[in-house]
Amino acid sequence: MNHNTTSKTASLLAEINQYSAHNYHPLPVIIEKGEGVWVWDVDGNRYMDMLSAYSALNQGHRHPVILAAARAQLDKLTLTSRAFHNDQMGPFLKTLCEATGFERALPMNTGMEAVETAIKMVRKWGYTIKGVPDNQAEIIVCENNFHGRTTTIAGFSSEAQYRDGFGPFTPGFKCIPYGDAEALAAAINKNTVGFLVEPLQGEGGVVVPPDGFISKARELCSQHSVALMADEIQTGLGRTGRLFCCDWEKVRPDVLIVGKALGGGVYPISAAIADAELMDVFTPGDHGSTFGGNPLAAAIGRAALSVILDEKLPERSDQLGTWFIDKLRAIDSPHIEEIRGKGLMIGVVIKESSGKARPFCEALQKKGILAKETHHQVIRFAPPLTITQTELAFALEQIQQVLST
Ligand SMILES: *Cc1c(COP(=O)(O)O)cnc(C)c1O
């Protein structure tokens, strides 16, 4: 089954190239419709979505429960701003806090805003509660991190391209090698207020830290009164085979940062979640967002969360992920260096001698599989968690064909 694109795709691509900022390098496919794990392009070709919008589509495209909640809310109320209350935010935040086991949640829109919220929260906690001298607070981050694209966040990236040309940057961040608990211990000092970490690095190339790293980090943070800030924007909400990736090591962070699938692929919704000791450092006027916690977002977020829990998507991800990774490892391929991941967050590392991952993604597109390279050598497979084993088997067949020759 080979996919062909025609003039419709070509003319839309030309239009995008003319009018769009060139800050992405997408595969040359123009999608017009999606349902579950499938999307269709403007020429009528069907593809399996194996990226799920970087895990923002854990529930699949246009999940009926989420669409129904969105439609019902569209007919009632969409925005109040935080100058007034709306009747959807309370039920949403209660569901979110109960599902995660925390006392408070602060709703934002994009992932990077939730990360910024967490940074401001732990800094103010450091000054007002821990007793760090003014403007001396330090937050430790990891090499190869991805936490978003604001100037503050880009400033503590170790990826030259994310930083070059965008300085000067916010001070107060210290970088340690990912997965290195000894380096973390050495980096902590009396002014350290937080350790910001992805429990598994997604954009960094699906990098799984050594076993015990997150629990060791938990121990060190507790010992030195440092807030453990887990960025679970991509790894959370079932993606890695647990509700949160930190659950693999039974670790409860101090600040849990969520986004992406919290909006069910329908609407941008994010949140910084913590207990009162941290969250209550914010007083009226400290922080906010016009659209954060708006009634449409809240209604959609609550439905998105209910789908994750009701359909037991973390368990599905665990079972299907284990099956899929075993099958991938059984592929006899001259190109595969390594296969790694947890649940349905899987990276296939391509050997340098076989070139970059991109041409393999382009070959997969021709076979009806949409996947995207990350960090040049890695193909990421992260389909919606609603995928069936039959659908995964179809994907596997195409992947096998592309990788075994
Ligand atoms: C996607 C992502 C972000 C940023 O989210 P946006 O919604 O794109 O701002 C932050 N952290 C991680 C781990 C992510 O995967």
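Criteria and cut-off values
- Residues numbered from 1 in each chain as written.
- Predicted model: local features only at pLDDT ≥ 70, side-chain atom pairs only at ≥ 80, totals over all residues.
- Heavy atoms only, no water.
- Near = heavy atom within 4 Å.
- Polar contact = N/O pair within 3.5 Å; in protein donor to acceptor, adjacent residues only side chain to side chain.
- Areas by Shrake-Rupley, 256 points an atom, 1.4 Å probe, with all protein chains shown as cover.
- Core = buried A, V, L, I, M, F, W, Y, C linked by side-chain atoms within 4.5 Å.
- Buried < 20%, exposed > 50% of the residue type's maximum accessible area, 1.4 Å probe, protein only.
- Helix = DSSP H or I, 4+ residues; strand = E, 2+ residues; numbered from the N terminus.
- Domains from an automatic or database assignment.
- Contact = heavy atoms within 4.5 Å.
- Pairing = 2+ DSSP bridges.
- Axes fitted to C-alpha atoms, helices over the stretch in contact; angles between N-to-C directions.

Draft legend 1. Structural context of the site of the ligand. What surrounds the ligand is the set Thr110, Gly111, Met112, Phe146, His147, Gly148, Glu198, Asp231, Ile233, Gln234 and Lys260. In this structure, methionine 112 approaches the ligand through a main-chain N or O atom, which is 2.9 Å from an oxygen atom. A distance of 2.6 Å separates an oxygen atom of the ligand from a polar atom in the side chain of lysine 260. For the ligand, the accessible surface in isolation is 380 Å², of which the surrounding protein chains cover 82%.

Draft legend 2. Just the nonpolar core, in detail. Judged by nonpolar contacts, the single largest core of 65 residues is most densely connected at Met50, Phe324, Ile379, Phe381 and Ile399. Ranked by residue count, the leading element in this core is helix 11 (residues 295–310), at 9 residues. Here this core spans two domains, and each of domain 1 (7–49 + 313–404) and domain 2 (64–310) adds at least three residues to it. Listed in part, the 29 residues of the second largest apolar core include Ala114, Val115, Val141 and Ile233.

Draft legend 3. Quick look at the environment of proline 107. If you trace the backbone, proline 107 turns up in strand 4 (residues 104–108). The spacing of proline 107 and aspartate 164 is 57 residues in sequence and 31 Å in space, taken between C-alpha atoms. For proline 107, the residues in contact, after removing those within four places along its chain, are Arg82, Met89, Leu93, Ser270, Ala271, Gly292 and Gly293.

Draft legend 4. Expanded view of the sheet that holds strand 8 (residues 227–231). Strand order across the open sheet formed by 7 strands is 4-10-9-8-7-5-6, with mixed pairing between neighbours. This sheet does not close on itself; its edge strands, each paired only once, are strand 4 and strand 6 (173–176). In this sheet, neighbouring strand axes are inclined to one another by 20 degrees on average, regardless of whether the strands run parallel or antiparallel. One ladder, built from 4 bridges, connects strand 7 (residues 192–197) with strand 8; its direction is parallel. Bridged to valine 197 within strand 8 is alanine 230. Helix-sheet contacts for helix 4 (residues 89–100) involve strand 4, strand 9 (255–258) and strand 10 (270–274), and the interaxial angle to strand 4 is about 120 degrees. Helix 9 (residues 213–223) rests against strand 7 and strand 8 of the sheet, and its axis sits at about 170 degrees to strand 7.

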